[in-house]
Amino acid sequence: MRARGMIASEVRALFAVASRPEVVSLAGGMPYVTALPLDVVGELVADLVARRGPVALQYGSGQGDAHLREQICEVMRLEGIDAHADDVVVTVGSQQALDLITRIFIDPGDVVLAEGPSYVGALGTFSAYQATVVHVPMDEYGLIPEALAETITGLAATGRRIKFLYTIPNYQNPAGVTLTAARRAEILRICQRANLLIIEDNPYGLLGFDGDPLPAIRASDADGVVYLGSFSKTLAPGFRVGWALAPHAVREKLVLAMESAVLSHSSFAQLAVGQYLATQPWREQIKTFRELYRERRDALLTSLEALMPPGCTWTRPGGGFFVWMTLPEGLDSKAILPRAVNARVAFVPGTGFYAGDEGSQHMRLSYCYPEPSRIREGVRRLAGVIREELELRDTFGSVTNRGRSGVDTPGPNLA
């Protein structure tokens, strides 16, 4: 039964097309790892094998390397979290942490609350474990507390069992918005009153463009929040090192689930990340990433402002990788994707970020990987496609209606 819930990610399906050199990809959220001092990383890895090869190439602990867990606590202090290394479980990226938590908590039919829209990888995991996702709306300030309280009350009245709230509070994927400090406190109070666990997924928290990071929700509650972190965005995704900071009882189950899934994760990757943190100016490297992504964010926003036709709106992220764009009435992002690819530009349709049939009027645009000049060219191409679609809408009606009548353009092979 669970295999039926395993569906292909629309983001992954795009990679085959978006990776073509002639296509400007505003689709995937791939970090710009070229900005790393790759020669230094190479020397670090070689030194690790030479000095600690017998340990780095051996099995390790199911909870993760003890020294790395201490270093992770140091990283989390930047967002106000005071934690003990014993409560940290190292995982194969934060995606595995999300999978393990869902495996532990979810029985078929249980409800997971998530922002609408939400991270496609999380939605796939929840679906695979046969959870029912109920979306809670957001605005430019993040998840709306009043909507969360109403949703919890309404589900409780029907006897539905909510297992946890899943949220990405910083520079949310895909919307790019950030939950304000006041709302963090209010949402925490709502969940505490409802005895509802919060899963705080925070891969982008240190990649803000203005000022210090906001305190994590976990900074205010050690018992009601499981915090997920990752080195994929602040170092490199190829190491596949993430973590979960969990209350003691949850941590014990996470270790057991981790051992059941992979026995132990890569000692080599963990020790490499640990050596990087111990020997390199990693805070300065994060600053370099922030400046690079700020420049690319600005290129995207400036181009959208200059080139997009009236009726298009978009978010203005203060960090992270993504802008969420809303199309004019009557346009369907998934229906126009084939035309966009034909014009050599790619994006992710908004439908991939909802558990149901929502999101057709939206698209996610990623600015983290292309050079600013490529971003500007990509927006020029995309704006041309949208203008053509508006002309067709004004002549023949909405894109959705044309699709029903069989006139819609066939899509490319996105497998």
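Structure's up top.
Summarised in this report is the structure supplied together with it. (Residues numbered from 1 in each chain as written. Predicted model: local features only at pLDDT ≥ 70, side-chain atom pairs only at ≥ 80, totals over all residues. Heavy atoms only, no water.)

**A short note on the pattern of salt bridges**
Consideration 1: What the rule picks out here adds up to 17 salt bridges.
Consideration 2: Between Asp-110 and Arg-161 there is a salt bridge; the shortest N-O distance is 2.7 Å. Of this pair, Asp-110 sits in the loop between α4 (93-105) and β3 (111-116) while Arg-161 sits in the loop between α6 (145-157) and β6 (162-167), and the two are 51 residues apart along the sequence.
Consideration 3: Using a relative accessible area of 2% as the deciding quantity, one classes Asp-110 as buried.
Consideration 4: The closest approach of N and O atoms between Glu-389 and Arg-339, which form a salt bridge, is 2.7 Å. Taken together, the residues span a long stretch of sequence, with Glu-389 in helix α12 (residues 372-396) and Arg-339 in helix α11 (residues 333-342) at a distance of 50 residues.
Consideration 5: Residues joined in a network through salt bridges with shared partners are Asp-107, Asp-110, Arg-161 and Lys-163. (Salt bridge = Lys/Arg side-chain N within 4 Å of Asp/Glu carboxyl O. Helix = DSSP H or I, 4+ residues; strand = E, 2+ residues; numbered from the N terminus. Buried < 20%, exposed > 50% of the residue type's maximum accessible area, 1.4 Å probe, protein only.)

**Regarding the sheet that holds strand β4 (residues 132-139)**
The strands that make up a sheet are held in pairs by hydrogen bonds between backbone atoms, and each pair lies either parallel or antiparallel.
Consideration 1: Pairing within the open sheet is mixed, and its 8 strands lie in the order β2-β9-β8-β7-β6-β3-β4-β5. The open sheet has two edge strands with one neighbour each: β2 (88-91) and β5 (142-143).
Consideration 2: Judged from the 4 bridges that link them, β3 and β6 form a sheet pairing that is parallel. Within β6, the residue paired with Ala-114 across the bridge is Tyr-166. (Pairing = 2+ DSSP bridges.)

**Some details on helix α3 (residues 66-77)**
Each turn of an α-helix holds 3.6 residues, which means side chains three or four residues apart point in the same direction.
Consideration 1: Its 12 residues place the ends of α3 17 Å apart at the C-alpha level, agreeing with the 16 Å of an ideal helix rising 1.5 Å per residue.
Consideration 2: Residues of α3 that are buried include every one of Leu-68, Arg-69, Gln-71, Ile-72, Cys-73, Val-75 and Met-76, and no others.
Consideration 3: N-capping of α3 is provided by Asp-65, with a side-chain oxygen placed 3.2 Å from the backbone N of His-67. (Expected span 1.5 Å × (residues − 1). Polar contact = N/O pair within 3.5 Å; in protein donor to acceptor, adjacent residues only side chain to side chain.)

**Re the pairing of strand β9 (residues 242-245)**
Consideration 1: Burial along β9 is two-sided: Gly-242 and Ala-244 facing one way and Trp-243 and Leu-245 facing the other are all buried.
Consideration 2: Across 4 bridges, β2 lies against β9 in antiparallel orientation. Looking across to β9, one finds that Val-88 is bridged to Leu-245.
Consideration 3: Relative to β9, strand β8 (residues 225-230) is paired through 4 bridges, and the arrangement is antiparallel. Within the sheet, the bridge partner assigned to Tyr-227 lies in β9 and is Leu-245.

**Description of the sheet that holds strand β11 (residues 322-326)**
Consideration 1: Strand order in the open sheet made by the 4 strands is β10-β11-β14-β13, with antiparallel pairing throughout. Of all the strands in the sheet, the pair left with one neighbour each is β10 (313-314) and β13 (348-349).
Consideration 2: Direction of pairing for β11 relative to strand β14 (residues 362-366): antiparallel, over a ladder of 5 bridges. Bridge pairing links Met-325 to Met-363 in β14.

**Concerning α12**
Consideration 1: When the terminal C-alpha atoms of α12 are compared, their 36 Å separation across 25 residues agrees well with the 36 Å that a helix rising 1.5 Å per residue should span.
Consideration 2: Those residues of α12 that sit buried are Pro-372, Ile-375, Gly-378, Val-379, Arg-381, Leu-382, Ala-383, Val-385, Ile-386, Glu-389 and Leu-390.
Consideration 3: A positive phi of about 105° marks Gly-397, the residue just after α12.

**Side note on the packing of aromatic side chains**
Consideration 1: Within the structure shown, the criterion is met by 11 aromatic pairs.
Consideration 2: Their ring planes at 50° and their centres at 5.1 Å tell us that Phe-231 and Trp-243 sit as a pair that is tilted. With Phe-231 in the loop between β8 and β9 and Trp-243 in strand β9, this residue pair connects regions lying 12 residues apart in the sequence.
Consideration 3: Consider the rings of Phe-289 and Tyr-293, whose centres lie 5.9 Å apart with planes at 5°: the pair is stacked. Of the two residues, Phe-289 and Tyr-293 both sit in helix α10 (residues 282-307), 4 residues apart, roughly one turn of that helix.
Consideration 4: For Phe-289, a relative accessible area of 0% corresponds to the buried category.
Consideration 5: The structure contains a cluster of three or more aromatic residues connected by ring pairs, namely Tyr-204, Phe-289, Tyr-293, Phe-321 and Phe-322. (Phe/Tyr/Trp six-rings, centres within 6.5 Å; stacked < 30°, edge-to-face > 60°.)

**Description of the packing of α4 against helix α8 (residues 248-262)**
Consideration 1: Closest axis-to-axis distance for the α4/α8 pair is 10 Å, and the angle between their directions is 110°. Overall, the two elements α4 and α8 adopt an arrangement that is roughly perpendicular. Contacts between α4 and α8 pair Gln-96, Leu-100, Ile-101, Arg-103, Ile-104 and Phe-105 from the former with Val-250, Lys-253, Leu-254, Ala-257, Met-258, Ser-260, Ala-261 and Val-262 from the latter.
Consideration 2: Across the contact of α4 with α8, the residue classes tally to 10 nonpolar, 2 polar and 2 charged. (Axes fitted to C-alpha atoms, helices over the stretch in contact; angles between N-to-C directions. Parallel < 35°, antiparallel > 145°, perpendicular 65-115°, else oblique. Contact = heavy atoms within 4.5 Å. Nonpolar A, V, L, I, M, F, W, Y, C, P; charged D, E, K, R; others polar.)

**Looking at the pairing of β14**
Consideration 1: Counting buried residues in β14 gives 5 out of 5 residues, a clear majority hidden from the surface.
Consideration 2: Across 2 bridges, the pairing between β13 and β14 is antiparallel. Looking at β14, one finds that Val-348 is bridged to Arg-364.

**Regarding the environment of Gly-359**
Consideration 1: Note that Gly-359 resides in the loop between β13 and β14.
Consideration 2: The spacing of Gly-359 and Thr-326 is 33 residues in sequence and 9.1 Å in space, taken between C-alpha atoms.
Consideration 3: Setting aside chain neighbours within four positions, we find Gly-359 in contact with Ser-333, Gly-350, Thr-351 and Tyr-354.

**Some remarks on the nonpolar core**
Consideration 1: Formed by 73 residues in total, the largest nonpolar core has its most connected members in Met-76, Phe-231, Tyr-293, Met-308, Met-325, Leu-365 and Ile-386.
Consideration 2: When residues in this core are grouped by element, the largest group, 9 residues, is from α10.
Consideration 3: Residues contacting Met-76, with those up to four places away along its chain left out, are Ile-81, Ala-83, Val-88, Tyr-227, Trp-243 and Leu-245.
Consideration 4: In this structure, Phe-126, Leu-197, Val-226 and Val-250 belong to the second largest nonpolar core, which totals 28 residues. (Core = buried A, V, L, I, M, F, W, Y, C linked by side-chain atoms within 4.5 Å.)

**Considering the environment of Tyr-59**
Consideration 1: Along the chain, the position of Tyr-59 falls in the loop between α2 (38-56) and α3.
Consideration 2: Residue Tyr-59 is classed as exposed on the basis of its relative accessible area, which comes to 63%.
Consideration 3: Distance from Tyr-59 to Ser-264, taken between C-alpha atoms, is 6.4 Å for residues 205 residues apart in sequence.
Consideration 4: Excluding anything up to four places from it in sequence, Tyr-59 contacts Leu-263, Ser-264 and Ser-267.

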